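Structure assessment
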Amino acid sequence: MTPAVANRAECPVPQRLKTQRQAASLTAGISTAQIVGDLPPSLAVLLSESRYRMRLERRFLRKSRVGDSCRDLLASPAEAIIAHGEHGLQALIIDTGIVCHYAALRRIVDAATLAELSAFLGIALNTHDVRLSKASDSLSLSHLIDAQSPIGVEPLAAAILQDGLQCWLCWIHRQPETLHEFFRQLTPPTLRVGGLPDHSGCTKRVCKHRAALFDIRHALVVEPDDMPVRKEA
């Protein structure tokens, strides 16, 4: 038996196919809403049937231009991000935006105002760690980001969403370039309304801090399906 036959499993073609299969299995955890998010609503509903699922997953990989970068994908935090699910990732992005505006949130003493803002964001702010922690890595980074907080429930909620998305996109920007579009496509559809902010609006230093803040909030999530209301040491 020749060495080439003996080590057939390690040959480039079988190994590449194995990597592609692993990448394909990774997309199985992506919600249907995320996969069909760019399609017209009527077509999205039609293609949401289970018989179209595998085709949609292959389309998602092509659309996100992963191509021959499946190894980069498997080596990235993609699995952990996907494990949050669409709603978990949305909560994580909003949570990161909340940290950016912690100073403004601490100044709110009216319970009704806090409840209204919590309803807008879908996260209970009265027990959120930014209102309870005196010092943390998250708050240290928030100081460096120095987000501007407007007055009023709706403007502040919009600023929190905008800054959360900005941190998410800065985090994406620090991933391998071949995966940028893949992670952008994972952005929950409900947060894409009006388009995504452009990370280029950040300086290199602030973009680094925003990405680090998202990393910290991501690391603090214990269970993907839980709301990210956490106490940080």
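**What about the overall build of the chain?**
- Summing up its helical and strand segments, the chain has 14 helices and zero strands in all.
- Secondary structure elements in the chain, listed N-terminal to C-terminal, are α-α-α-α-α-α-α-α-α-α-α-α-α-α.
- Counting every position in the chain, which comprises 233 residues, the buried fraction comes to 46%.
- Across the chain, contacts joining residues at least 24 apart in sequence account for 78% of those joining residues at least 6 apart.
- Only carbon and sulfur atoms are counted for the fraction: they give 56% of the accessible area of the chain, which is about 12600 Å².

**Details of the state of the cysteines**
- The tally for this structure, following the rule as stated, stands at zero disulfides.
- Its sulfur unpaired, C167 is 3.7 Å from the next cysteine sulfur, which belongs to C100.

**Focus: the packing of aromatic side chains**
- Using the criterion set out here, one finds seven aromatic pairs in the structure.
- Relative to F182, the ring of F60 lies with its centre 5.6 Å away and its plane at 80°, an arrangement referred to as edge-to-face. Here F60 is found in helix 5 (residues 53-63), whereas its partner F182 is found in helix 13 (residues 180-185), with 122 residues between them in sequence.
- For F60, a relative accessible area of 0% corresponds to the buried category.
- Given the relative accessible area of 0%, F182 is considered buried.
- A network of ring pairs unites the aromatic residues F60, W168, W171, F182, F183 and F214 as a single cluster.

**Comments concerning the nonpolar core**
- In this structure, W168, F182, F183 and L186 are the most contacted members of the largest nonpolar core, which totals 61 residues.
- A per-element tally of this core places helix 12 (residues 153-173) first, with eleven residues.

Procedures and definitions
- Sequence order as written defines the numbering, with residues in each chain counted from 1.
- Thresholds applied to this predicted model are a pLDDT of at least 70 for local features of residues and 80 or more for the giving and counting of side-chain atom pairs; totals over whole chains, interfaces and linings are not thresholded and use all residues.
- Derived side-chain values reflect all non-hydrogen atoms in the structure, with water molecules and hydrogen atoms excluded from consideration.
- Comment: elements are numbered from the N terminus, with helices defined as DSSP H or I runs of at least four residues and strands as E runs of at least two.
- Exposure categories follow from relative accessible area, calculated using a 1.4 Å probe and restricted to protein chains: below 20% of the type maximum is buried, above 50% is exposed, and the middle band is partly exposed.
- Only heavy atoms matter for contacts: two residues are in contact if any of them lie within 4.5 Å across the pair.
- Accessible surface area values rest on a Shrake-Rupley calculation with a 1.4 Å probe, where residue burial reflects the displayed protein chains alone.
- Cysteine sulfur atoms are paired as a disulfide whenever they fall within 2.5 Å.
- Stacked, edge-to-face and tilted labels apply to pairs of Phe, Tyr and Trp rings (six-membered ring for Trp) whose centres lie within 6.5 Å, assigned for plane angles under 30 degrees, over 60, and everything in between, in that order.
- As used in this record, nonpolar core signifies buried Ala, Val, Leu, Ile, Met, Phe, Trp, Tyr and Cys residues forming a set joined through side-chain atoms within 4.5 Å.

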